[in-house]
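As a plain string of letters, each chain reads:
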Amino acid sequence: MKTKESILIVGSGITALVSALKAVEQDMAVTILSKSPCTRTAAVDQVFQSSTHDGSFNRYITSTEGHPYLDLDGYVTQMYPDIATDFEKTIAQGGMLALPLEEFSPQTQCFLQKRKALNQSIRNNPQDWLAYERLFIEYVAENVYSMKLWYEQLAQFLDEKPELAQELSLSIGIHRFYDEKSLFESARKTLSGQGMIKASFYNDEAVNHPEFAAYRSGIEKQSFIKGGALIMHGLAFNIKAVVGFLLEKLEKAGVRFLLGPDHEVTTIRYDSSHQVEGVITRDGKVHEAKYFLFHGGAYMQSGLLPGDFAHPPVCGMKGFWAHITGKTAEKIIRGMGLSPKACKIHGGKMPITVDGQEYVSQVADLNVQPVILTKPNGETEYIVCIGSGYLFVGTYPFEGDADVPKYSAQSRERINAIRKAEKLAIAGFWEVVRRVYDLDVSFEACLARSHPDVKILEKGCIRSWSVDDRELRLVQKTRQGGVMLVHGGGNTGSTTKSIFESVVAMNFINQLDATHSVSELAKLYENVRRSLRTQAAGLNSESWVTLEETLRSARDQVSELSIPHC
């Protein structure tokens, strides 16, 4: 009997789980190592140190879900006009920093200074601008191909387990709203070029569209969404349902799970030829494999990786969540028409008042998903799940965050300052929610939990953010004739790209040769990635219609279960 090739995957978020699935499909012996505990046995308030598990339900699959955020003239500066200075100012000053620059660690200060220098270089050097324009195009192409893979993968999941549709709250198609006409026009131009738009409406047209009835009162009374609205190709789904399905499927396939703080990777062990022998976890154990995949995201320890990667190549950006439930949620979701869609809401900065003082909010960038669940007793539960917020919290273990456990306790004064920053981030996005849905619920009432249908979640989730907006790329040979691959960790959008990263990894492993040098392996990796990326060019509006019809058919096969569809 042939021995299966071994692969060890570090991480337990969506990218790690999809990579494990692809490895199982290649008949590999898979082990997952993660410092995050098991989601099914952890306490409700557990901090998992994983954006997949610490976040709420909604995740989006779109063509611009992750992209460069450097000061790149065009789409980025239209959508985020202050993006360069936002990394220089605290949130109280209208920026993104949880703390003043001087209160961050030297590593984080170095990260921010490098980013500032890159922005200056892009503005002053046409060659640098062109390089990042190409990077933006690459991001979009990889996102687009990822969309195709997700349409196909979800259809396969639903064919295998039709009742998954009861939990998935699948939105086939995305609505986008824009508070400013310039944002709307810029987005429409960019997304039209990608073939992503089904229909577009100026605000006077949107206010009377039947699919936008939930927003009509907010548009008319609050003068929000003054730019327009788009109906786009794309997906949104309940990530908790997908994770639960994957865990069950991987366990049945014999995947070995080593989860919890004792299984945090603290050291990569090399032999005399600088080939990877194995990894050492916090409990002192050595784990060997032919292949290693690292999907640590923002939560990777400083000094774990070699050479230029020894200092943290990524920092953390924290987002926050709110749930609208009960009759309020039911009214909103029923106002979204017969086929409620997830939506993204984009707007400029606006004045907000917190604790009696005026501030300038962050740029509005809300993700809203109607979640429709069937309870065991047959009743339908409605949740409007809303995520937003860009709060820069520094390098792991995030000196600008008060939730992730630190090896040295934060001072009470610093924790209070961080909590105030979080309060400002949440206040900014709640003001947009209040206006959009015309809700008579103040921010103070949300924090006090005095409204039965509104809840601000106590936990946020931290997404990775690279200094130069490029994803990590590290390829090293292993003693057993395989490779260690560290990739991903780009700017948000990790769910969209998770399936792309996983397919890239498996295709790369299938093509590599033990005689390849490290430099040859690095070139092979880029060629594999490029070959998938170029396939995005062959996708057009007809392709998306076909993919949508296939996925909708897979979802609707369970119509006899009377599942409310999104």
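This is a predicted model, so every value here is computed, not measured.

Participant: Explain the packing of helix α6 (residues 126-160) against helix α16 (residues 518-534) residue by residue, including any values.
Facilitator: Closest axis-to-axis distance for the α6/α16 pair is 8 Å, and the angle between their directions is 70 degrees. Classified by the angle their axes make, α6 and α16 are roughly perpendicular. In this structure, the crossing between α6 and α16 has a hand that is left-handed. Residues Glu138, Ala141, Glu142 and Tyr145 of α6 form the contact with α16, whose participating residues are Arg529, Leu532 and Arg533. When the residues that make up the contact of α6 with α16 are grouped by side-chain class, the tally is three nonpolar, no polar and four charged.

Participant: How would you explain the sheet that holds strand β1 (residues 6-10) if you had to name every residue and give the values?
Facilitator: Here six strands make up an open sheet; going across it, the order is β7-β2-β1-β11-β21-β20 and the pairing mixed. A strand with exactly one partner marks an edge of an open sheet, and here the two such strands are β7 (256-259) and β20 (472-477). With strand direction ignored, the average angle separating the axes of adjacent strands in the sheet is 15 degrees. Where β20 and strand β21 (residues 483-488) come together, six bridges link them in antiparallel fashion. Within β21, the residue paired with Lys477 across the bridge is Val483. On the sheet, α16 packs against β20 and β21 and is oriented at approximately 135 degrees with respect to β20.

Participant: Run through the nonpolar core, naming residues and quoting values.
Facilitator: If you look at the biggest cluster of nonpolar residues, it comprises 102 residues, and the most contacted ones within it are Ile7, Leu154, Phe392 and Phe508. No other element matches α6, which puts 16 residues into this core. Beyond its immediate sequence surroundings of up to four residues, Leu154 is in contact with Leu168, Leu170, Leu235, Phe237, Val242 and Leu551. In this structure, Phe177, Trp430, Phe443 and Ile456 belong to the second largest nonpolar core, which totals 60 residues.

Participant: I'd love a proper account of the sheet that holds strand β9 (residues 276-281), names of residues and values included.
Facilitator: If you walk across this open sheet you meet the three strands as β8-β9-β10, and the pairing is antiparallel. The sheet is open, and its two borders are formed by β8 (265-270) and β10 (286-287), each paired with just one other strand. Note that β9 and β10 share two bridges and pair antiparallel. When the bridges of β10 are listed, Ile280 appears paired with Val286.

Cut-offs and rules
Residues numbered from 1 in each chain as written. Predicted model: local features only at pLDDT ≥ 70, side-chain atom pairs only at ≥ 80, totals over all residues. Heavy atoms only, no water. Axes fitted to C-alpha atoms, helices over the stretch in contact; angles between N-to-C directions. Helix = DSSP H or I, 4+ residues; strand = E, 2+ residues; numbered from the N terminus. Parallel < 35°, antiparallel > 145°, perpendicular 65-115°, else oblique. Left-handed = near helix turned anticlockwise from the far one by under 90°. Contact = heavy atoms within 4.5 Å. Nonpolar A, V, L, I, M, F, W, Y, C, P; charged D, E, K, R; others polar. Pairing = 2+ DSSP bridges. Core = buried A, V, L, I, M, F, W, Y, C linked by side-chain atoms within 4.5 Å. Buried < 20%, exposed > 50% of the residue type's maximum accessible area, 1.4 Å probe, protein only.

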